[in-house]
Amino acid sequence: MLRVLAVDDEKPLLEELLYLLRSDSRVLSAEGASDATEALRRITRALESGPEGADGIDVVFLDIHMAGLTGLDIAKLLAGFARPPLIVFVTAHEGFAVQAFDLKAVDYVLKPVRPERLAEAVRRACAQLGRSAVQPPEPAEAAGTPRTGAPVGPPGAAGLPGPSVPPQRRPAPELTVADRTADQIAVELGGVTRFVAIADIAYVEAQGDYARLHTDEGSHLVRIPLSTLEERWAARGFVRIHRRHLVALGRIDELRLDAGTTSVRVGSAELQVSRRHARQLRDLLMRQATG
């Protein structure tokens, strides 16, 4: 069984990755680190402990783009040790695959992470370490008593072979985020589902194949591309103002023109408007103001 460390500086993504890893019966333990410094500190302790030591780590699931040192930087540092842990890169970017495999990465998993794809990465790591790559069947357990170290409740994503929860509790395999009603969107994280009213969303920010929903109370990451939300919510008054932003027209407080650039203020956030969207946005705001 594997002892793993997952490293990602986006907390929602880190928690979801840890949830999926802990749901795999081939994973003995899964710890998380939210930045390169924390990751290096934990890896150093593992190297000092040795592969068979109490603090040992078998595999590091490593994001590439992080503040400070990147995942590639960390992998280069580990390559200098005699017996470093294996590396699996987990990233939203396809362009680093060649560098990753040059650094002897076991696998290169693209975000959004599909459970079955992550399971394959675990299988490859097990095979390279000479351990069983087959997930053993879960023993019968009393209701409400999960496997040690496994998460309680339904997983945040479906499709992982051999989970530690009953199959009938799995969500639909295609999406982990779906509309509960026409007026809400469900945000799943670590097996907990929260329903956010679309009317409470001020703007949406693209983050790769994800989108971050910004409300007055905070933000929520969903596994839906911005283009999909643009199509779904056009009739609700959401307009595209930039390749990275979708804004609720009624939540725009100010439109600013300065030296040929256009921006809008939405609450405390100031968002740039691209040239291609500026004219349409001004027309929409004028029509809204005149009724």
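Residues numbered from 1 in each chain as written. Predicted model: local features only at pLDDT ≥ 70, side-chain atom pairs only at ≥ 80, totals over all residues. Heavy atoms only, no water.

### Details of the nonpolar core
Stage number 1. Of all hydrophobic cores here, the largest spans 23 residues; its most connected members are V4, L21, V59, F61 and V88.
Stage number 2. Breaking this core down by element, the ones donating at least two residues are β1 (2-7), α1 (11-22), β2 (27-33), β3 (59-62), β4 (86-91) and α5 (115-128).
Stage number 3. Among all residues touching V88, those that are not within four sequence positions of it are V59, V60, F61, L62, V106, D107, V109 and A121.
Stage number 4. Ranked by size, the runner-up nonpolar core spans 21 residues in total, among them I43, A46, M66 and L78. (Core = buried A, V, L, I, M, F, W, Y, C linked by side-chain atoms within 4.5 Å. Buried < 20%, exposed > 50% of the residue type's maximum accessible area, 1.4 Å probe, protein only. Helix = DSSP H or I, 4+ residues; strand = E, 2+ residues; numbered from the N terminus. Contact = heavy atoms within 4.5 Å.)

### Here's the deal with helix α3 (residues 71-78)
Stage number 1. By the burial criterion, the buried members of α3 are G71, L72, I74, A75 and L78. Projected onto a plane normal to the axis of α3, the buried residues spread over an arc of 160 degrees and lie on a single side.
Stage number 2. Considering only its buried residues, α3 is in contact with α2 (36-49), β3, β4 and α4 (97-102). (Arc of directions from axis to C-beta.)

### Topic: the pairing of strand β12 (residues 245-248)
Stage number 1. Covered by surrounding structure in β12 are H245 and V247 together with L246 and A248, the residues of both alternating faces.
Stage number 2. One ladder, built from three bridges, connects strand β8 (residues 201-207) with β12; its direction is antiparallel. Along β12, the bridge assignment pairs V204 with L246.
Stage number 3. Relative to β12, strand β11 (residues 238-242) runs antiparallel, the two sharing four bridges. What sits directly across from R240, in β12, is L246.
Stage number 4. Between β11 and β12, which pair antiparallel in sequence order, lie two residues. (Pairing = 2+ DSSP bridges.)

### A word on the sheet that holds β11
Within a sheet, each strand pairs with its neighbour through backbone hydrogen bonds, oriented either parallel or antiparallel.
Stage number 1. If you trace the five strands from one edge of the open sheet to the other, you get β10-β9-β8-β12-β11, paired in antiparallel fashion. The sheet terminates laterally at β10 (219-222) and β11, the two strands that pair on one side only. The mean inter-strand angle of the sheet, taken between neighbouring strand axes irrespective of direction, is 25 degrees.
Stage number 2. Note: β8 against strand β9 (residues 210-215), six bridges, orientation antiparallel. Paired with A206 across the strands is A211, a residue of β9.
Stage number 3. Strands in contact with helix α6 (residues 226-233) are β8, β9, β11 and β12; relative to β8, the strand with the most contacts, it is inclined by about 150 degrees. (Axes fitted to C-alpha atoms, helices over the stretch in contact; angles between N-to-C directions.)

### Re the sheet that holds β2
Stage number 1. If you walk across this open sheet you meet the five strands as β2-β1-β3-β4-β5, and the pairing is parallel. Two strands close off the open sheet at either side, each with one partner strand: β2 and β5 (107-110). Direction aside, neighbouring strands of the sheet carry axes that sit 20 degrees apart on average.
Stage number 2. Here β1 runs beside β3; their pairing, made up of four bridges, is parallel. When the sheet's bridge partners are listed, V7 is paired in β3 with L62.
Stage number 3. Along the sheet face, α3 touches β3 and β4 and points at about 175 degrees away from the line of β4.
Stage number 4. Seen against the sheet, α5 touches β1, β2, β3, β4 and β5 and runs at an angle of roughly 170 degrees to β5.

### Topic: unusual backbone geometry
Among all residues except glycine, the phi angle is most often negative; among peptide bonds, the trans geometry is most common.
Stage number 1. In this structure, P112 follows K111 across a cis peptide bond, with omega equal to -5 degrees.
Stage number 2. Mapped onto the elements, P112 comes out in the loop between β5 and α5.
Stage number 3. Even without a glycine there, the phi angle at K104 is positive, about 65 degrees.
Stage number 4. On the secondary structure map, K104 appears in the loop between α4 and β5.
Stage number 5. We note that A259 has phi near 50 degrees; this positive angle belongs to a residue other than glycine.
Stage number 6. By the secondary structure assignment, A259 is in the loop between β13 (254-258) and β14 (261-266).

### A look at the packing of α2 against α3
Stage number 1. Between α2 and α3, whose axes approach to 11 Å, the crossing angle comes to 20 degrees. In this view, α2 runs roughly parallel relative to α3, as classed from their interaxial angle. α3 is crossed by α2, and the crossing has right-handed handedness. Within the contact between the two elements, α2 uses A36, A39, L40, I43 and L47 and α3 uses I74, L77 and L78. (Parallel < 35°, antiparallel > 145°, perpendicular 65-115°, else oblique. Left-handed = near helix turned anticlockwise from the far one by under 90°.)

### Overview of the packing of aromatic side chains
Stage number 1. All told, the structure shown has three aromatic pairs when counted by the stated rule.
Stage number 2. Taken together, a centroid distance of 6.5 Å and an interplanar angle of 55 degrees make the contact between F89 and Y108 tilted. Of this pair, F89 sits in strand β4 while Y108 sits in strand β5, and the two are 19 residues apart along the sequence.
Stage number 3. Note on F89: relative accessible area 0%, which makes it buried.
Stage number 4. Considering the side-chain rings of F101 and Y108, the 6.3 Å spacing of their centres and the 45 degrees angle between planes classify their relative orientation as tilted.
Stage number 5. Classification of Y108 by relative accessible area gives buried; the value is 9%.
Stage number 6. Following the ring pairs from residue to residue traces out a cluster consisting of F89, F101 and Y108. (Phe/Tyr/Trp six-rings, centres within 6.5 Å; stacked < 30°, edge-to-face > 60°.)

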